[in-house]
Amino acid sequence: MILVTGATGTVGREVVRRLPHDVRVRIMARDPGRVTGAARSAETVAGDLGDEESLDRALGGVGTALLVTSDPSSGDDARFVRAAGSAGVQRLVKLSAAAVLDRHADDLITRWQRANEELLCGSGLEWTLLRPRSFMSNTLSWAESIRSERTVRGLNGTSANACVDPRDIADVAVRALTEAGHAGKAYTLTGPEALSAVEQTERLGRLLGVPLCFEELSPGEARLALGRRYPAPVVQALLKSAQRLGAGAKAEVTDTVRAVTGRPAGDFRTWAEDHLAAFEDRHGRDTADASSGSGR
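Residues numbered from 1 in each chain as written. Predicted model: local features only at pLDDT ≥ 70, side-chain atom pairs only at ≥ 80, totals over all residues. Heavy atoms only, no water.

Engineer: I would appreciate a short explanation of the environment of Arg111 in the present structure.
Structural biologist: Examined against the element boundaries, Arg111 turns out to sit in helix 4 (residues 108-121). Each C-alpha atom, one on Arg111 and one on Ala99, is 9.3 Å from the other, the two residues being 12 residues apart in sequence. (Helix = DSSP H or I, 4+ residues; strand = E, 2+ residues; numbered from the N terminus.)

Engineer: Sorry, what's going on with the environment of Cys213 here?
Structural biologist: By secondary structure assignment, the location of Cys213 is in strand 11 (residues 213-216). Overall, the relative accessible area of 36% leaves Cys213 in the partly exposed class. Distance in space between the C-alpha atoms of Cys213 and Asp102 is 31 Å, their sequence separation being 111 residues. Apart from residues lying up to four places away in sequence, Cys213 is in contact with Arg150, Thr151, Val152 and Thr201. (Buried < 20%, exposed > 50% of the residue type's maximum accessible area, 1.4 Å probe, protein only. Contact = heavy atoms within 4.5 Å.)

Engineer: Hey, could you run me through the side chain of Ser241 in this one?
Structural biologist: Looking at where Ser241 falls in the secondary structure, it is placed in helix 9 (residues 232-246). Residues in contact with Ser241, not counting those within four places in the same chain, are Asp107, Lys250 and Arg296.

Engineer: Would you take a moment to explain the pattern of salt bridges for this structure?
Structural biologist: Where side chains of opposite charge bring their charged atoms close, a pairing between them can arise. One pass over the structure, following the stated rule, counts 22 salt bridges. One salt bridge connects Arg153 with Glu215, and the closest N-O pair in it is separated by 3.2 Å. Of this pair, Arg153 sits in strand 7 (residues 151-154) while Glu215 is found in strand 11, placing the two residues 62 residues apart along the sequence. Sharing partners across several salt bridges, the network here consists of Glu14, Arg17, Arg18, Asp168, Asp171 and Arg263. (Salt bridge = Lys/Arg side-chain N within 4 Å of Asp/Glu carboxyl O.)

Engineer: Looking at this structure, I do not really get the nonpolar core. What am I missing?
Structural biologist: Here is a general trend for soluble globular proteins: nonpolar side chains tend to be buried in one another's company. In this structure, Val4, Val15, Leu19 and Leu130 are the most contacted members of the largest nonpolar core, which totals 31 residues. Secondary structure elements with two or more residues in this core: strand 1 (2-4), helix 1 (12-18), strand 2 (25-29), strand 5 (91-95), helix 6 (166-178), strand 9 (185-189) and helix 10 (256-261). When residues of this core are assigned to their parent elements, the largest contribution, 7 residues, is made by helix 6. If sequence neighbours within four positions are ignored, Leu130 has contacts with Val93, Lys94, Leu95, Ser96, Ala97, Ile169, Val172, Ala173, Tyr187 and Leu189. Ranked by size, the runner-up nonpolar core spans 21 residues in total, among them Leu49, Phe80, Val89 and Leu120. (Core = buried A, V, L, I, M, F, W, Y, C linked by side-chain atoms within 4.5 Å.)

Engineer: Looking at this model, I keep getting lost on the packing of aromatic side chains. Mind explaining?
Structural biologist: In this description, a pair of aromatic rings is defined by centroid distance and the angle of the planes. Under the counting rule described, the total for this entry stands at 2 aromatic pairs. With a centroid separation of 5.9 Å and an interplanar angle of 25°, the aromatic rings of Phe268 and Trp271 are classed as stacked. One end of the pair, Phe268, and the other, Trp271, are both in helix 11 (residues 268-274), 3 residues apart, so they sit about a helical turn from each other. By relative accessible area, which is 1% here, Phe268 ends up buried. Between Trp271 and Phe279 the ring centres are 6.4 Å apart and the planes differ by 75°, which places this aromatic pair in the edge-to-face class. (Phe/Tyr/Trp six-rings, centres within 6.5 Å; stacked < 30°, edge-to-face > 60°.)

Engineer: Is there a simple way to think about the sheet that holds strand 2 in this case?
Structural biologist: Hydrogen bonds between backbone atoms are what pair the strands of a sheet, whose relative direction is either parallel or antiparallel. In space, the 7 strands of this open sheet follow the order 3-2-1-4-5-6-9, with parallel pairing throughout. Edge positions in the open sheet fall to strand 3 (43-46) and strand 9, since each of these has one partner strand only. For this sheet, the mean inter-axis angle between neighbouring strands, taken without regard to orientation, is 20°. Taken together, the 3 bridges between strand 1 and strand 4 (residues 64-67) define a ladder with parallel strand orientation. The residue of strand 4 that forms the bridge with Val4 is Leu66. Lying on the sheet, helix 2 (residues 52-59) is in contact with strand 1, strand 2 and strand 3; it crosses strand 2 at an angle near 165°. Running over the sheet, helix 3 (residues 76-87) touches strand 1, strand 4 and strand 5 and is turned about 165° from strand 5. (Pairing = 2+ DSSP bridges. Axes fitted to C-alpha atoms, helices over the stretch in contact; angles between N-to-C directions.)

Engineer: When you look at the pairing of strand 5 in this model, what are you seeing that I'm missing?
Structural biologist: Where a strand is regular, its side chains alternate between the two sheet faces. Within strand 5, 5 of the 5 residues are buried, leaving the element largely enclosed by the surrounding structure. In strand 5, alternate side chains face the same way, and those of Arg91, Val93 and Leu95 on one face and Leu92 and Lys94 on the other are all buried. Sheet analysis places strand 4 next to strand 5, joined by 4 bridges and oriented parallel. Counted as the bridge partner of Leu66 is Val93 from strand 5.

Have a look at this one:
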């Protein structure tokens, strides 16, 4: 049996949609009612990464699990790895981040992900690490300002990032969860080209048929904007990550998606076409939820 955590998040929900219907699947979620796209045969259970008893229940009879965590202060990874070992789980597929490979990246989130990787690799369990670059879906955070002002605001707008379609991350995750040959592998996942925020803004504008403007934020303005969404330690980590973007540390493209799945990684235009409704000026239309994962 395969256990999926993070099934209501950006990558997890795509994994749930892609898992073969003939595979036994259990989905753990705080609110099982929010899980969508699962096969009818999938089992959905209530559970919390912070609740050891619920972890023990969810992991019973599981052979392989997808581990997605989001809180650097929680200790969720350690609890999950410990519970998985006790339950006899054979292999964990862990969503990490490409930034762990950047020796100059020392922000809170990257240090946390490195520690999680070290924990898993030293656990005695089989493991597979997924290290995506930033998600293309992060641009959904621009939707409101695009709809209302035709403007995107951000830091380092001309710096390139080899962002990846979350659906490609999910496809690689499904391979790692269901196939042999992925144990002990670490997959750095990017899109087919490195794009700047300015270039993404221009491409969205062409697809929408309207001119869009990119406004460069100062570090202080960015801190204030991020502070409306995240706690101070995370804001500081994101600002330090933006410095690495500005230094060109996030532009390297890999062909890992093709190597694992047999097809090329999807490009930003394709992702944007498939999600264009989120950016269109339609009264009463809600933006898709992009808060559950972002990549690094």
